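Spelled out from the first residue to the last, the chains are:
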Amino acid sequence: MTIEDEVRAFSAVRDEALVGNDAARIAGYLTDDWVYVGPDGVTPKADIIGWIASGRLAHHSMGAVGAERVARVGDDTVVVSARKASSGTWDGVAYTADEWISEVYVRVAARWRCAFSQKSPVG
């Protein structure tokens, strides 16, 4: 399996954990200093994991729309860009999202982790 394929598989497993709303499992897939950057700015890992653990944020579906672009940077860093559609609830209110996402994956102690996620709405 190529490094690119390893990261694609890891990303799919992480998306499954997000849809399962398993905060502890999701946290284990992220580096300690992971951040999410969206239209409202930077959100740290602790906030996202806390919202999922409390039920404030719940994911119901998530999937790529079309092909992902995978760019390898050496043996331990990969950037994945894709269009993703998702649904869930925020504070009990249903949402759907159609977004462009770019994520940086790094290999840490022989395991892949997501180090950075950036999303912007499809225009």
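Here the structure is shown first, and the text comes after it.
(A) View of the packing of aromatic side chains. One pass over the full model with this rule turns up three aromatic pairs. On the basis of an interplanar angle of 85° and a centroid distance of 5.8 Å, the ring pair of F10 and Y105 is categorised as edge-to-face. Of the two residues, F10 sits in helix α1 (residues 3-20) while Y105 sits in strand β6 (residues 93-108), which places them 95 residues apart along the sequence. Centroid distance W51 to W90: 4.9 Å. Interplanar angle 75°. Geometry classified as edge-to-face. Highlighted residues: W51 in helix α3 (residues 45-54) and W90 in strand β5 (residues 77-90), separated in sequence by 39 residues. On the basis of relative accessibility, which here comes to 23%, the residue W51 falls in the partly exposed class. Residue class for W90 comes out partly exposed when judged on its relative accessible area of 31%. Feature note: the residues F10, Y29 and Y105 constitute an aromatic cluster, connected by ring pairs.

(B) Examining the environment of A97 more closely. One can find A97 in strand β6. Excluding residues that lie within four positions of it along the chain, A97 makes contacts with K84, A85 and S86.

(C) Up close: the environment of V79. Assignment of secondary structure puts V79 in strand β5. The sequence separation of V79 and V7 amounts to 72 residues, and the corresponding C-alpha distance is 9.1 Å. Once residues within four sequence positions are removed from consideration, V79 is found in contact with R69, V70, A71, E103 and V104.

(D) Quick look at α3. Listed in full, the buried residues belonging to α3 are K45, I48, I49 and I52. All buried residues of α3 project into a common sector of 95° when viewed along the axis, lining one side. Among the exposed residues of α3, those oriented more than 90 degrees off its buried face are A46 and S54. Against the buried residues of α3 lie α1, α2 (23-28), β1 (30-38), β2 (41-44) and β3 (57-64). Backbone geometry just after α3 places G55 at a positive phi near 90°.

Scoring rules and cut-offs
Residues numbered from 1 in each chain as written. Predicted model: local features only at pLDDT ≥ 70, side-chain atom pairs only at ≥ 80, totals over all residues. Heavy atoms only, no water. Phe/Tyr/Trp six-rings, centres within 6.5 Å; stacked < 30°, edge-to-face > 60°. Helix = DSSP H or I, 4+ residues; strand = E, 2+ residues; numbered from the N terminus. Buried < 20%, exposed > 50% of the residue type's maximum accessible area, 1.4 Å probe, protein only. Contact = heavy atoms within 4.5 Å. Arc of directions from axis to C-beta.

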